[in-house]
Amino acid sequence: MSNNMITENGKIEQLQKFVNIHFFELFVASWILGVIFYTIVGFEAIDELCAGMLFLLFIFYVFETPEWRINKMLLFILFVFSFYLFYSIQIKSNTIKCIFMDFIIQLKPYLAFFCVYHIAPKFTGWQRKLLKDLSLLIWFCLCFLGVSQLFVRDILVTVMGHPTVFAATVVSVSLVYLYSSNYTMKDKVIFIIMLSVGLLSGRAKFYGFFACAFVLVSYFGTAKNLKLNLKNIVAFVGMFVVVLLVAWQKIEIYFIQNLGDESTDSLARFALYATSFKIFGDYMPFGCGLGTFATHASRVDYSPIYGEYGIDYIWGLSKSYSAFIADTYYPSLAEFGVVGLILFVLFWFYIIKKAFSFFVKTNDTRLIIMSLLIIGFLAIENVADATFTSNRGFFMMIFLGLILSEQNVLDNRVQLKS
């Protein structure tokens, strides 16, 4: 091996160490400040700040590597969002300020995933132990808070802002523990126990996720049960049915009939879902544009779309009171139209396919289950919350990027050995 190659390898190792250290700091900050203490601290721009720092770390990494390598899928995502940015400006979907605001918010989760996946950070043994110890310490506090809810009414609202935030915090803490553990049977049991505290939130979405997580960890948590055969297909379908049954009340409200009245958020969400289907048909094929529908930006400068479809009188969607406009995620895909919807589905197909292709080669059950847990969490949460583009979604997407990058590294090692 030449001296130049040794020097080059040394530089790459130093660069990776630098990335590992600073990404760990970013990961902890986005978890502690961006999820656990987000409501208490009240710094709502923490996820955007962390996203900006992550992007700078990514740019630094790219320009410090000899080949200036960059993920092709990230380039494609940037191209797609740039197209929708110019499309929205062209059709004047909203004010320039709101279009750019929505552009940043919608791009953030994709940027989070691909930046982390590209830089491929790795945690050291002591960093994993620190995460494990922190997750247990925070869980005990959450456990006390959850039990207090049984005796002190609305304490979750007072401390966490909303029961949904409490449930999502329990999920993040439990996932960090599982990731930092050795994935033994004991660790799996502890994970389920930790996760069960979220049941005290009383949220139907969490019930659905808990059922999903229980089946994934207890049955699919071994390599042999992740193989494609009739028995496992039946088990997976059974899990899906259980999740549907647990969350059926919410599904019925949002998709089948409106059981709420005009003083609840149920009517607002039902109206958003119903209207989104109309927008998909009316604004073919690229949608109504950024900053127009079911997003935070569409309420900053109130979008004319709500008046156009006659839902601007609904409590929570009106110009005078717009609190429920960004209260769910899937209807906001109407901004991107049928083309955007197809691309969204293909993105998740790409992630799942990649995760399973790595699993087939590495046979690492812990990482594939972690990937499925995060994907399942986001899929369920987004039914009645804009989690994907929120502070919690940002953390979950950098977490997902970390897991898939670790799968990729293991895959490369397996290939080198063979």
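Each chain has its residues counted from 1, running along the sequence as written. Where local features are concerned, this predicted model is filtered to residues with pLDDT of at least 70; where side-chain atom pairs are given and counted, the filter is 80 or more; whole-chain, interface and lining totals use all residues. Hydrogens and water are ignored here; the side-chain numbers use all heavy atoms of the structure.

Draft legend 1. View of the overall build of the protein chain. A count of helical and extended segments in the protein chain gives 18 helices and 0 strands. The rule is simple: take the accessible area with a 1.4 Å probe, protein chains only, and divide by the maximum for that residue type; under 20% is buried, over 50% is exposed, in between is partly exposed. Relative to its 418 residues, the protein chain shows a buried fraction of 52%. Every residue pair with non-hydrogen atoms within 4.5 Å of one another is taken to be in contact. For the protein chain, the proportion of contacts with a sequence separation of at least 24, taken over those separated by at least 6, is 75%. In DSSP terms, a helix is any run of H or I states spanning at least four residues, a strand is any run of E spanning at least two, and both are numbered starting from the N terminus.

Draft legend 2. How the structure looks around the pattern of salt bridges. A side-chain nitrogen of Lys or Arg and a carboxyl oxygen of Asp or Glu constitute a salt bridge if their distance falls within 4 Å. Scanning the entire structure with this criterion turns up 9 salt bridges. Here Arg128 makes a salt bridge to Glu406, at a shortest N to O gap of 3.2 Å. Linking Arg128 in helix α6 (residues 125–148) with Glu406 in helix α18 (residues 391–417), this pair joins segments that are 278 residues apart in sequence. Of the residues examined, Glu406 reaches a relative accessible area of 16% and is grouped as buried. One connected set of salt bridges, linked through shared partners, spans Asp47, Glu48 and Lys108.

Draft legend 3. Looking closely at helix α5 (residues 96–119). Expected span, for any helix, means 1.5 Å times one less than how many residues it has. Between its first and last C-alpha atoms α5 spans 33 Å; for 24 residues at 1.5 Å apiece the expected length is 34 Å, and the two agree. One axis fitted to the seven residues ending at a residue, another fitted to the seven starting there: the angle between these axes is the bend at that residue. Of all bends in α5, the biggest is about 40°, found at Lys108, and the proline Pro109 comes one to four residues later. Taken across its 24 residues, α5 has 19 buried, putting it largely inside the fold. Backbone geometry just after α5 places Ala120 at a positive phi near 50°.

Draft legend 4. Region of the structure containing the confidence of the model for the protein chain. A residue's pLDDT is simply how confident the predictor is in it, with values from 0 to 100. For the protein chain, per-residue confidence averages 86 on the pLDDT scale, and 89% of positions sit at 70 or higher. Of the regions scoring below 50 in pLDDT, residues 259–263 engages in 8 contacts with residues more than four places distant in sequence or in other chains.

Draft legend 5. Just unusual backbone geometry, in detail. Cis geometry marks the peptide bond from Met284 to Pro285, where omega comes out at -10°. Tracing the sequence through the fold places Pro285 in the loop between α13 (265–282) and α14 (297–300). One non-glycine residue, Ala120, adopts positive backbone phi at about 50°. Within the secondary structure, Ala120 is located in the loop between α5 and α6. Phi is positive for Ala294, close to 60°, though the residue is something other than glycine. Mapped onto the elements, Ala294 comes out in the loop between α13 and α14.

Draft legend 6. Seen up close, the packing of helix α4 (residues 72–91) against α5. Axis separation between α4 and α5 bottoms out at 10 Å; the angle between their running directions is 170°. Comparing their axes, α5 and α4 come out roughly antiparallel. Along the contact surface, α4 presents Met73, Leu74, Ile77, Leu78, Phe81, Ser82, Leu85, Ser88 and Ile89, while α5 presents Ile96, Ile99, Phe100, Phe103, Gln106, Leu107, Tyr110, Leu111 and Phe114. Gly falls in the polar group here, along with every residue not listed as nonpolar (Ala, Val, Leu, Ile, Met, Phe, Trp, Tyr, Cys, Pro) or charged (Asp, Glu, Lys, Arg). Its residues assigned to classes, the contact of α4 with α5 shows 15 nonpolar, 3 polar and no charged. Whenever a helix is involved, its axis is fitted only over the stretch in contact; in every case the axis is a line through C-alpha atoms, and angles between N-to-C directions fall within 0 to 180 degrees. Any angle that falls under 35 degrees is termed roughly parallel, while one over 145 is termed roughly antiparallel, one within 65 to 115 roughly perpendicular, and all others oblique.

Draft legend 7. The arrangement of the environment of Tyr61 in detail. Tracing the backbone shows Tyr61 in helix α3 (residues 46–64). Taking C-alpha positions, Tyr61 is 6.8 Å from Ile119, a pair spaced 58 residues apart along the chain. When neighbours within four sequence positions are excluded, Tyr61 is seen to be in contact with Leu15, Gln16, Val19, Arg69, His118 and Ile119.

Draft legend 8. View of the side chain of Thr387. Looking at where Thr387 falls in the secondary structure, it is placed in the loop between α17 (365–381) and α18. The class of Thr387 is buried, set by a relative accessible area of 0%. Beyond its immediate chain neighbours, meaning those up to four positions away, Thr387 contacts Phe377, Leu378, Glu381, Asn382, Arg392 and Gly393.

Draft legend 9. Structural view of a nonpolar patch on the surface. Taken together, Leu33, Phe37, Ile40, Val41, Phe43, Leu49, Met53 and Val159 make up a surface patch of nonpolar side chains, about 680 Å² in accessible area. Along the chain, Phe37 falls in the loop between α1 (3–36) and α2 (38–41). Patch criteria: residues need more than 30% relative accessible area and no salt bridge. Like-charged residues are merged within 9 Å; nonpolar side chains of Val, Leu, Ile, Met, Phe, Trp and Tyr are merged within 5 Å. All accessibility values rest on the Shrake-Rupley procedure with a 1.4 Å probe; residue burial counts only the protein chains present in the view.

Draft legend 10. Region of interest: the environment of Met397. Note that Met397 resides in helix α18. For the pair Met397 and Tyr110, spaced 287 residues apart in sequence, the C-alpha to C-alpha distance is 7.5 Å. Aside from chain neighbours lying at most four places away, what touches Met397 is Pro109, Ala112, Phe113, Phe347, Trp348, Leu378 and Phe388.

Draft legend 11. Quick peek at helix α8 (residues 163–180). Taking 1.5 Å per residue, 18 residues should reach 26 Å; α8 reaches 26 Å between its end C-alpha atoms and fits that length. With 18 of 18 residues buried, α8 is to be regarded as a mostly interior element.

Draft legend 12. Examining the packing of aromatic side chains more closely. Geometry of aromatic contacts follows a simple scheme: Phe, Tyr and Trp rings, the Trp one being its six-membered ring, pair when their centres are within 6.5 Å, and the pair is stacked under 30 degrees between planes, edge-to-face over 60, tilted otherwise. Tallying each qualifying case throughout the model produces 44 aromatic pairs. Between Tyr302 and Tyr306 the ring centres are 5.3 Å apart and the planes differ by 35°, which places this aromatic pair in the tilted class. Relative accessible area serves as the criterion here: at 0%, Tyr306 is assigned to the buried category. Taking NZ or CZ as reference, Arg128 lies 4.7 Å from the ring centre of Tyr179, over its face. Both a distance and an angle decide whether a charge sits over a ring: NZ of Lys or CZ of Arg must be within 6 Å of the ring centre and within 35 degrees of the ring normal.

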